Amino acid sequence: MNAADIKPPGTASLQGLLLPTTPESLWPLVKQAMQGTPEPRARQLLLGLSECLHRFVLEHAVTEAEFELALDFVVRLGHATGQHTNEVVLAADLLGLSTLVALLNNRPLKGHSEAALLGPFWRANVPFYPLGSSIDQALGDAPEASRDPALGMPLLVSGQVFGAQGQPLADAVVDVWQASPVGLYENQDPSQPEMNLRGRFRTDAQGRYHFRSVRPAGYPVPTDGPCGELLRLQQRHPNRPAHLHFMVSAEGHKVLVSQVFADDAATLGSDPVFGVTQGLVGHFKTVLKQGVEQAELAQDFHLLPGEPVFPAAPIP
Ligand code: BEZ
Ligand code: FE
């Protein structure tokens, strides 16, 4: 008897066809179909995913109404995604999957910087600015002292980028983006100027960078779509702790996608997207400069060796 003659338990054969007779006997047939996928990695992932899903449905005795609800949720994630939000990315974030993939693929070697999820609001091709510029277009090049305090506390961010052997990296690119003091990214908020609170900076010969901005505030992830319904169903709050996003890149190094969280942020221990790890908590020092309170953040980055590969922007 060869392997093809072995009938999986619960299957019946009819005119040479193997057919399922019970819920449990369906999986072996699905498995056989998945095993026919020619490309090895696609085969491995499709087999693994479908096995998890089949086991999940059996273990939890998923009802028809629940299945319909789940499919409708996925359809609505797609429909709600567009110019101003990406509910598909947000759903992966709220389930902890984006953080899991970021951590799994960026295990820091000794002394390297930790990675974080990208989030839905990064944009590609943002402008390059000279070192020391402000990314806050409400501030522009005006001195901090002339700033309206209602626009938030001025912030100075500075640091150095290091390579795989601990050497300072000249010409590395530090791409930064953050929400406004009212808690909205520029691409969510038509009242902000294009590209507000985003910018790219090239490190100098010593690998140093610095720029000016406004101290970030905590903000809620979007709750007006299906992901908001999920949070309400679970009685989870939507408020991300105050943070800055960074994407740091240099030739011969892996692109580091990261975030720095304020150590005094209210929801540090309950980030709805599970993005906070110990190494990502930074200290925003408050200093008095020319009679104006200003925040300062010192943030170095240590990159892993590898090829720079950039993600696709979740929204245009
Ligand atoms: C963000 O930090 O930009 C973000 C991350 C995940 C979901 C929503 C927003
Ligand atoms: Fe953010």
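How each quantity is defined
Residues numbered from 1 in each chain as written. Chains lettered and ligands numbered in written order. Predicted model: local features only at pLDDT ≥ 70, side-chain atom pairs only at ≥ 80, totals over all residues. Heavy atoms only, no water. Pairing = 2+ DSSP bridges. Helix = DSSP H or I, 4+ residues; strand = E, 2+ residues; numbered from the N terminus. Domains from an automatic or database assignment. Near = heavy atom within 4 Å. Polar contact = N/O pair within 3.5 Å; in protein donor to acceptor, adjacent residues only side chain to side chain. Areas by Shrake-Rupley, 256 points an atom, 1.4 Å probe, with all protein chains shown as cover. Nonpolar A, V, L, I, M, F, W, Y, C, P; charged D, E, K, R; others polar. Patch = residues over 30% accessible without salt bridge, like charges linked within 9 Å, V, L, I, M, F, W, Y side chains within 5 Å. Salt bridge = Lys/Arg side-chain N within 4 Å of Asp/Glu carboxyl O. Donors = N, O, S within 2.8 Å, 3.2 Å for Na, K, Ca; no water. Tetrahedral: all angles 85-135°; square planar, octahedral: opposite > 155°, others 65-115°. Buried < 20%, exposed > 50% of the residue type's maximum accessible area, 1.4 Å probe, protein only. Axes fitted to C-alpha atoms, helices over the stretch in contact; angles between N-to-C directions. Parallel < 35°, antiparallel > 145°, perpendicular 65-115°, else oblique. Left-handed = near helix turned anticlockwise from the far one by under 90°. Contact = heavy atoms within 4.5 Å. Arc of directions from axis to C-beta.

K.L.:
What is the right way to read the sheet that holds strand β10 (residues 256–262) from this model?
P.N.:
Pairing between sheet strands relies on hydrogen bonds along the backbone, with the strands arranged either parallel or antiparallel. Here we have 5 strands laid out as an open sheet, ordered β5-β4-β9-β10-β11, and mixed in their pairing. Every interior strand has two partners, whereas the edge strands, β5 (198–202) and β11 (281–282), have only one. Alignment of strand β4 (residues 173–177) against strand β9 (residues 243–249), held across 5 bridges, turns out to be antiparallel. Of the residues in β9, the one forming a bridge with W177 is H245.

K.L.:
Help me out: how do you make sense of the domain arrangement of the protein in this one?
P.N.:
Size of an interface, as often reported, equals the accessible area lost when the parts are brought together. You can read the domains of the protein as domain 1 (1–11 + 20–62) and domain 2 (87–302). A C-alpha centroid distance of 43 Å is found between domain 1 and domain 2.

K.L.:
Looking at this structure, I do not really get the site of ligand 1. What am I missing?
P.N.:
In the vicinity of ligand 1, the residues found are L90, D93, G119, P120, F121, Y185, Y219, V221, R240, H243, H245 and V273. For ligand 1, an oxygen atom lies 3.2 Å from a polar atom in the side chain of Y185. Interatomic distance of 2.6 Å between a side-chain N/O atom of R240 and an oxygen atom of ligand 1. Against a free-state accessible area of 260 Å², the protein chains account for coverage of 100% of ligand 1. Of all the elements in the fold, those that place two or more residues in the shell around ligand 1 are α4 (87–94) and β9. Residue composition of the shell around ligand 1, by class: 7 nonpolar, 3 polar and 2 charged.

K.L.:
What exactly am I supposed to notice about a nonpolar patch on the surface here?
P.N.:
A contiguous nonpolar patch, built from L14, L17 and L19 and spanning about 260 Å² of accessible area, is present on the exposed surface. Along the chain, L14 turns up in strand β1 (residues 11–14).

K.L.:
Looking at this structure, I do not really get the pattern of salt bridges. What am I missing?
P.N.:
Note that side chains of opposite charge can pair when their charged atoms are close. On inspection of all chains with the given rule, the structure shows 9 salt bridges. Between R55 and E51 there is a salt bridge whose closest N-O contact spans 3.3 Å. Here R55 and its partner E51 are both found in helix α2 (residues 40–59), 4 residues apart, which amounts to about one turn of the helix. When salt bridges that share partners are traced, they join R123, E186, E194 and R198 into one network.

K.L.:
So what exactly am I meant to see when it comes to the coordination of the iron ion (ligand 2) here?
P.N.:
Expected angles at a metal are 109.5 degrees for tetrahedral coordination by four donors and either 90 or 180 degrees for octahedral coordination by six donors. At 1.8 to 2.1 Å from the iron ion (ligand 2) lie its protein donor atoms, namely Y185 (OH), Y219 (OH), H243 (NE2) and H245 (NE2). For the iron ion (ligand 2), the 6 donor atoms are set out with angles of 54 to 164 degrees between them, so the coordination reads as irregular. Written as a sequence motif, the donor residues of the iron ion (ligand 2) are Y-x33-Y-x23-H-x1-H. Highlighted residues: Y219 in strand β7 (residues 219–220) and H245 in strand β9, separated in sequence by 26 residues. We note that Y219, like H245, is buried.

K.L.:
Where do I start with the packing of helix α1 (residues 26–35) against α2 in this structure?
P.N.:
Any two packed helices are characterised by the angle at which their axes cross and by the distance between the axes. Remark: α1 packs on α2, axes separated minimally by 9 Å, with the N-to-C direction vectors making an angle of 165 degrees. If you check the angle between α1 and α2, you find them roughly antiparallel. For the pair α1 and α2, the sense of crossing is right-handed. Together, L26, W27, V30, K31, M34 and Q35 of α1 and R43, L46, L47, S50, E51 and H54 of α2 make up the contact between the two elements. Residues of the contact of α1 with α2, tallied by class, amount to 6 nonpolar, 3 polar and 3 charged.

K.L.:
Can you help me understand the pairing of strand β13 (residues 292–298) in this one?
P.N.:
For β13, a buried count of 5 out of 7 residues is recorded, marking the element as mostly surrounded by other parts of the structure. Bridge count between strand β3 (residues 154–162) and β13: 4 bridges; the pairing is parallel. When the sheet's bridge partners are listed, L155 is paired in β13 with A295. Both strand β12 (residues 285–289) and β13 contribute to a ladder of 5 bridges, which runs antiparallel. By the bridge assignment, T286 is partnered in β13 with A295. Counting the residues that bridge the hairpin from β12 to β13 gives 2 residues, and of these Q290 lies at a positive phi of roughly 50 degrees.

K.L.:
Whenever I open this one, helix α5 (residues 97–105) confuses me. Can you help?
P.N.:
Think of an α-helix as turning once every 3.6 residues; residues three or four places apart then point the same way. Residues S98, T99 and A102 constitute the buried set of α5. The buried residues of α5 occupy an angular sector of 95 degrees when projected down its axis, which confines them to one face. Across from the buried face of α5, at angles greater than 90 degrees, the exposed residues are L100, V101 and L104. Of the surrounding secondary structure, the elements contacted by the buried residues of α5 are α4.

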